[in-house]
Amino acid sequence: MTIKKYKYIRLIVISFLAILVSQSIIFRNYLLPIIGIVLSSSLLFYLRSKLKNEFLADERDYKIGGDAARWAIQIFNTFAVIVMIILYAQQDLNPSFLPIATTLAYSVCFLMILYSLIFRYLDKATFAKNRKLYIIIGIVLILMVAFSGLKLFSAEDNWICQNGQWVQHGHPAFPAPSVACTK
Amino acid sequence: MENRIKEIRTKLHLTQEDVAKKTGVRRETIVFLEQGKYNPSLKLAYEVAKTLKTSVDKLFFLKY
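Every chain begins its residue count from 1, and numbering advances along the sequence as written. All chains are assigned letters beginning with A, and all ligands numbers beginning with 1, in the order in which they are written. Per-residue local features of the predicted model are confined to residues with pLDDT of at least 70, and side-chain atom pairs are confined, for both listing and counting, to 80 or more; whole-chain, interface and lining totals are unaffected and use all residues. With hydrogens and water excluded, all non-hydrogen atoms of the structure serve as input to the side-chain values.

S.K.: Go over the overall build of chain B with me, naming the residues and quoting the values.
M.R.: Counting its regular elements, chain B contains five helices and two strands. When its helices and strands are written in sequence order, chain B yields β-α-α-α-α-α-β. Over its C-alpha atoms chain B spans a radius of gyration of 10 Å, differing by no more than 12% from the 11 Å that the globule rule assigns to 64 residues. Considering only C-alpha atoms, chain B reaches an extent of 30 × 20 × 20 Å along its principal axes. Exposure categories follow from relative accessible area, calculated using a 1.4 Å probe and restricted to protein chains: below 20% of the type maximum is buried, above 50% is exposed, and the middle band is partly exposed. A buried classification covers 41% of the 64 residues belonging to chain B. We call two residues in contact whenever any of their non-hydrogen atoms come within 4.5 Å of each other. Of all intrachain contacts in chain B linking residues separated by at least 6 positions in sequence, the fraction that spans at least 24 positions is 55%. Reported accessibility uses the Shrake-Rupley method at a 1.4 Å probe radius. Residues are deemed covered only where the shown protein chains occlude them. Summing over all exposed atoms, chain B offers an accessible surface of approximately 4,200 Å²; the carbon and sulfur share of this is 53%. Residues scored as positive are Lys and Arg, those scored as negative are Asp and Glu, and His as well as the terminal groups of each chain are ignored. The atoms used to mark charge sites are NZ of Lys, CZ of Arg, CG of Asp and CD of Glu. Once the 14 positive and 8 negative side-chain charges of chain B are each reduced to a mean point, those two points are 1 Å apart. Secondary structure elements are defined from DSSP: runs of H or I of at least 4 residues count as helices, runs of E of at least 2 residues count as strands, and each element is numbered from the N terminus. The reference for a compact globule is 2.2 Å times residues^0.38; the radius of gyration itself is calculated from the C-alpha atoms.

Okay, here's the thing in structure tokens:
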């Protein structure tokens, strides 16, 4: 297996996966993309192990990757915070602005906390010294995400599909889903 | 950081691909090293010096 052949196969696998995911979303099947992701990851992992004396990435790539990730996080956070403030300020214009702003706020917070934790973890000396503190922060972060997820996916303050119509349950902060209610 | 990678590599009749394979990096990294556009880790500097049968201090130097 050569690196060129591997890259060619990887491109085909990713293209196939993209088609599978988009079709699954259309047909509202969430099991197929999960199976597809697991299978394609396993295939690529196996093929990568067959690359002998070939280097897909080296220390320069990892350095560039690190810089690119840091830049991407900074740009995303700045952009998301600006959009979030504007959407919060303009929430009276459109009720869907509030959930978008809230999602952005949670995303930025989650990303920042995750980045800090990973950074500290990789900086092993600091991690070893303040191990308990980072474990506590990690647990708090997981609980926050779990709580947010529960709140988001719970039936409280949500729209429920009943007899072909979206019925308001509680006081949802967002408008009824735009997709057709078929139950 | 300046270096003599290209000079020594040519003397030894080695290609960039040869050096890349022996040091465990991609050819592009050797290109950037030769052009002085990338400062290698100590490990890579040592590997390159070893491949080119020289020492790190003779291969890399600072130009003031």
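S.K.: Give me the lowdown on the overall build of chain A, citing residues and values where you can.
M.R.: Within chain A one finds six helices and two strands. Going from N to C terminus, chain A has its helices and strands arranged as α-α-α-α-α-α-β-β. Relative to its length of 183 residues, chain A is extended, with a C-alpha radius of gyration of 22 Å against a globular reference of 16 Å. Each of the three principal axes of chain A carries a C-alpha extent, and together these read 60 × 45 × 30 Å. Out of the 183 residues belonging to chain A, those deemed buried represent 18%. Restricting to contacts in chain A with at least 6 residues of sequence separation, those with at least 24 account for 40%.

S.K.: Please give an account of the confidence of the model for chain A that cites residues and values.
M.R.: Each residue carries a pLDDT score, the predictor's confidence in it, ranging from 0 to 100. Per-residue pLDDT for chain A averages 83, and the proportion of residues at 70 or more is 91%. Per-element averaging of pLDDT across chain A places helix H5 (residues 124-129) of chain A at the bottom with 66 and helix H3 (residues 59-89) of chain A at the top with 94.

S.K.: Describe the environment of B:Lys50, and please don't skip the residues or the numbers.
M.R.: The residue B:Lys50 is located in helix H4 (residues 42-51) in this model. Taking C-alpha positions, B:Lys50 is 9.5 Å from B:Lys22, a pair spaced 28 residues apart along the chain.

S.K.: Describe the interface of chain A and chain B, naming the residues involved and giving the relevant values.
M.R.: Between chain A and chain B, the residue contacts involve nine residues of the former and twelve residues of the latter. Computed with a 1.4 Å rolling probe, the buried area is the accessible surface lost when two parts are put together, summed over both parts. Between chain A and chain B the total buried area reaches about 900 Å² when both faces are included, carbon and sulfur atoms providing 50% of it. The largest per-residue losses of area from chain A upon contact with chain B belong to A:Phe55, A:Glu59 and A:Arg60, which jointly make up 66% of the total buried on that side. For salt bridges, the criterion is a side-chain nitrogen of Lys or Arg within 4 Å of an Asp or Glu carboxyl oxygen. Taken together, chain A and chain B are joined by one salt bridge. Across the pair B:Arg26 and A:Asp61 runs a salt bridge whose closest N-O atoms are separated by 2.7 Å. In protein, a polar contact means a hydrogen-donor-capable atom and an acceptor-capable atom, both N or O and within 3.5 Å, with residues adjacent in sequence counting only if both atoms are side-chain atoms; elsewhere, any N or O pair within 3.5 Å suffices. For the pair chain A and chain B, the number of links is five residue pairs in polar contact (both at pLDDT 80 or more). Across the side of chain A that touches chain B, the residue classes tally to three nonpolar, one polar and five charged. Gly counts as polar in this scheme, as do all residues outside two lists: the nonpolar Ala, Val, Leu, Ile, Met, Phe, Trp, Tyr, Cys and Pro, and the charged Asp, Glu, Lys and Arg.

S.K.: For unusual backbone geometry, give the residues involved together with the corresponding values.
M.R.: In this model, A:Arg28 sits at a positive phi of 55°, which is unusual for a non-glycine residue. Structurally, A:Arg28 can be placed in the loop between helix H1 (3-26) and helix H2 (31-49). Of the residues examined, A:Arg28 reaches a relative accessible area of 48% and is grouped as partly exposed. Even without being glycine, B:Lys53 reaches a positive phi, approximately 55°. The residue B:Lys53 is located in the loop between H4 and helix H5 (56-59) in this model.

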